[in-house]
Amino acid sequence: MQPIVLGRPTINGAKLTVPVDPGAARQWFRDDAFRVEYSNLDGLADLDPAVLVVPALGNILTLAYALGIPIEVDRVDAAYAAAADRLAETFGAMYPRFDVKGFELRGERVGPVAPVTVTVKTDPALLLFSGGADSSSSLIEHRREVRALVTVWGADVRLTDQTLWDQLCSVVRDSELTADRRLIVARANLQDLIDGPALTRKFESGFIDGTWWGSVQHGLALTSVTVPAATALGLSRVLIAGSDFGGLDLPWGSSPRTDNQIRWSGGQVEHDQADLSRADKITKVIAPYVRGGGRLNLAICYQPGRGPDGLNCGRCEKCQQTITQLLLAGIAPDAVGLPISPQSLAAGRRALTRGFWHGDDGHRAAWRRLQLDVPATLTGPCAVPYIRAHLEWFRTAKIVIGTSDAAPRWHRVVLGVQRLGARTLSWLPLQFRKWCSRRVARLLGEG
Ligand SMILES: [Zn+2]
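Quick look at the structure, then. (Residues numbered from 1 in each chain as written. Predicted model: local features only at pLDDT ≥ 70, side-chain atom pairs only at ≥ 80, totals over all residues. Heavy atoms only, no water.)

## So, the pairing of strand S9 (residues 182–188)
Then, number 1: The pairing of strand S4 (residues 33–38) with S9 spans three bridges and is antiparallel. Residue pairing for S9: Glu37 is matched across the bridge by Arg187.
Then, number 2: Two elements, strand S8 (residues 146–153) and S9, share six bridges in a ladder whose sense is parallel. In the sheet register, Ala148 faces S9, and the bridge partner there is Arg182.
Then, number 3: Between the parallel elements S8 and S9, the chain passes through helix H5 (residues 162–173) in a crossover that is right-handed. (Pairing = 2+ DSSP bridges. Helix = DSSP H or I, 4+ residues; strand = E, 2+ residues; numbered from the N terminus. Right-handed = clockwise from strand over helix to strand, strands pointing away.)

Below, the structure is given as structure tokens:
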């Protein structure tokens, strides 16, 4: 099969570009180059192209595993290439529909096949930081070792959403937790290089969140973007905060079994705090830090727009679940950036009893555990009358979480229109699609 060919990486200031010839994967690509621009980082031009190609590889490896297409590069870090080979098997075992046997990474492998030094837990580290509960918990625990934070624009925040990005940056910049560390922004076309929605449609039956990005792509893509930064800064550990699946080993794009295999000649990735649930992180790490006088502003919401005044809407399921966890840990949610009001809690009660939110059994179990955690005596922020009334209702409420495929009819209609549109667009020539996306970006103010 005609391979995907990555061209020679070029550096222009802090911009790294890797041209892509998609070969047999042409229909799955939306752009002809991987691009990332790092802020607050020098020394990229001194790095070996074998390391500079890693971010582009990390973004397309999972696609190549799934479709069984070889990737060809000029040269690649040998330790990273060996990890990519191993990960093909891991992803193949996780998603049996992936055609991993057709995958091969071709090109000169440069340097040792394992990291030069063995890292220990006290070595200086780089942390992927989104401002959410998971990465904030990792930062609190590793605040002595973390020297640099990398926040990726183009992952959870789309490249066109300048307003939301500015809000997130101010939260990251103005936190006492992030002070005295190097703050790096990596602005990359992670979600725009390949057609994630089309891959979701092809493979979605095995995806727990129903997206290619979440279920497959994000761990390898995000950690690989940090490799040139870690190399330029001489850091041998890259930490990525773990996700909570209630102790279950579910197929997901970032987990100990995938992330902990990622290595390059200068170091390795660590999937952090895998043994802690999200509630544990709030109760055992974040709450003691806040009670001890630490200040924190969490950015946890994924709703478009996320509310007019901040980074969290306070009404979606993720916000409501975090608000409940914070209250049960004795922390006032608005003290860490989550708005709470009688109206928002009433909206939560309606959603929880009428099946507005959808998920699987793990999802229902998480709410059930939270109900069991409501103490008999409500004190601290839980003693505020409207919050007390809400928690007393919540303790014994009959929670209804809809099944994932039982989305409201209008939602299914919108999805159908989106799919038809994406399928139609995918037939258009690549140059025309690029021209359209540039026009849209300009209209949206990206310039
Ligand atoms: Zn929200």
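## Things to note about the environment of Asp42
Then, number 1: Following the sequence through the fold, Asp42 ends up in the loop between S4 and helix H1 (49–52).
Then, number 2: Sequence separation between Asp42 and Leu233 is 191 residues; the distance between their C-alpha atoms is 8.7 Å.

## Points about the environment of Ala274
Then, number 1: Within the fold, Ala274 resides in the loop between strand S12 (267–272) and helix H9 (278–291).
Then, number 2: A relative accessible area of 44% means that Ala274 is categorised as partly exposed.
Then, number 3: Taking the C-alpha atoms as reference points, Ala274 and Ser243, 31 residues apart in sequence, are found 7.3 Å from one another. (Buried < 20%, exposed > 50% of the residue type's maximum accessible area, 1.4 Å probe, protein only.)

## A look at the coordination of the zinc ion
Then, number 1: At this site the zinc ion is bound by Cys301 (SG), Cys313 (SG), Cys316 (SG) and Cys319 (SG), with donor distances of 2.2 to 2.4 Å.
Then, number 2: When the donors of the zinc ion are listed by position in the chain, the intervening gaps give C-x11-C-x2-C-x2-C. (Donors = N, O, S within 2.8 Å, 3.2 Å for Na, K, Ca; no water.)

## Considering the nonpolar core
Then, number 1: One finds Tyr65 and Ile71 to be the most contacted residues of the largest nonpolar core, which totals 75 residues.
Then, number 2: Look past the residues within four positions of Ile71 in its chain and what remains in contact with it is Ile4, Leu6, Leu57, Ile60, Leu61, Ala64, Phe103, Glu104, Leu105 and Arg106. (Core = buried A, V, L, I, M, F, W, Y, C linked by side-chain atoms within 4.5 Å. Contact = heavy atoms within 4.5 Å.)

## With respect to the pattern of salt bridges
Then, number 1: Tallied over the entire structure, the rule returns 18 salt bridges.
Then, number 2: Between Glu108 and Arg75 there is a salt bridge, and its shortest N-O distance comes to 3.7 Å. One end of the pair, Glu108, is in strand S6 (residues 105–110); the other, Arg75, is in strand S5 (residues 71–77), and 33 residues separate them in sequence.
Then, number 3: According to the relative accessible area criterion, Glu108 is partly exposed, its value standing at 47%.
Then, number 4: For Arg75, a relative accessible area of 22% translates into the label partly exposed.
Then, number 5: The residue Arg278 makes a salt bridge to Asp134 at a minimum N-O spacing of 4.0 Å. With Arg278 in helix H9 and Asp134 in helix H4 (residues 133–141), this pair connects stretches of sequence that are 144 residues apart. Comparing Arg278 with Asp134 shows no difference in burial state: the two are buried.
Then, number 6: Sharing partners across several salt bridges, the network here consists of Lys121, Glu145, Arg237 and Glu270. (Salt bridge = Lys/Arg side-chain N within 4 Å of Asp/Glu carboxyl O.)

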